[in-house]
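Chain residues, written in single-letter form:
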Amino acid sequence: GDWSSDVCSSDLHQDPVPKLQIPLQTNEDIYFSIDVNSENHNKKTGQKNSIHLPNDGSIFYVNTRKWHSVNNMSNENRIHICGDISPCMIELLN
């Protein structure tokens, strides 16, 4: 795992394994767009449907093997604890 702190946005990319995310510091102007090549991507307008991961103590499973990006529209840091999910855990989750 690692600490993820980024005031800026991240470009559209894929990771080799899914992640567990625990938001520690965030705000409602930070959005996560995932699976932009599916129904989560509005093919008519080109807009990505985004979600906000709140820092409410939840642990989020995010399939970052799909195309995704983070858009931080604020001047505040985004701080998450991120952990890779091992292949044996992926089998249990599927």
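The rules we used
Residues numbered from 1 in each chain as written. Predicted model: local features only at pLDDT ≥ 70, side-chain atom pairs only at ≥ 80, totals over all residues. Heavy atoms only, no water. Helix = DSSP H or I, 4+ residues; strand = E, 2+ residues; numbered from the N terminus. Buried < 20%, exposed > 50% of the residue type's maximum accessible area, 1.4 Å probe, protein only. Contact = heavy atoms within 4.5 Å. Areas by Shrake-Rupley, 256 points an atom, 1.4 Å probe, with all protein chains shown as cover. Salt bridge = Lys/Arg side-chain N within 4 Å of Asp/Glu carboxyl O. Core = buried A, V, L, I, M, F, W, Y, C linked by side-chain atoms within 4.5 Å. Pairing = 2+ DSSP bridges.

Student: Just checking my understanding: could you explain the overall build of the chain for this structure?
Tutor: Along its length, the chain carries one helix and eight strands. A total of 94 residues make up the chain; the buried ones form 34% of that total. Expressed as a percentage of contacts within the chain between residues at least 6 apart in sequence, the contacts between residues at least 24 apart total 82%. If you sum the accessible surface of the chain, you get close to 6100 Å²; carbon and sulfur atoms cover 51% of it.

Student: Even after reading the chapter, I still don't get the pattern of salt bridges, so can you show me in this structure?
Tutor: Opposite charge on two side chains allows them to pair when their charged atoms are near. In the structure shown here, the tally under the stated rule is one salt bridge. The residue K19 makes a salt bridge to D84 at a minimum N-O spacing of 2.4 Å. Pair noted here: K19 is in strand β3 (residues 19-25) and D84 is in strand β8 (residues 79-84), with a separation of 65 residues, a long-range link.

Student: Even after reading the chapter, I still don't get the nonpolar core, so can you show me in this structure?
Tutor: Note on soluble globular proteins: their nonpolar side chains tend to be buried together. If you look at the biggest cluster of nonpolar residues, it comprises seven residues: I30, F32, I34, L53, F60, V62 and V70. At the level of secondary structure, the elements contributing two or more residues to this core comprise β4 (30-34) and β6 (60-62). Per-element accounting of this core gives the leading share, three residues, to β4. Setting aside residues up to four positions removed in sequence, L53 forms contacts with Q21, P23, T26, F60, V62 and H80.

Student: What should I look at first to understand the sheet that holds strand β7 (residues 68-72) in this one?
Tutor: Remark on secondary structure: sheet strands pair via backbone hydrogen bonds, oriented parallel or antiparallel. Judged by pairing direction, the sheet is antiparallel, and its four strands sit side by side in the order β2-β7-β4-β5 without closing on themselves. Bordering the open sheet on either side are β2 (10-13) and β5 (50-51), each of which pairs with just one other strand. Across two bridges, β4 lies against β5 in antiparallel orientation. Residue F32 lies in a different strand from β5, and its bridge partner there is I51.

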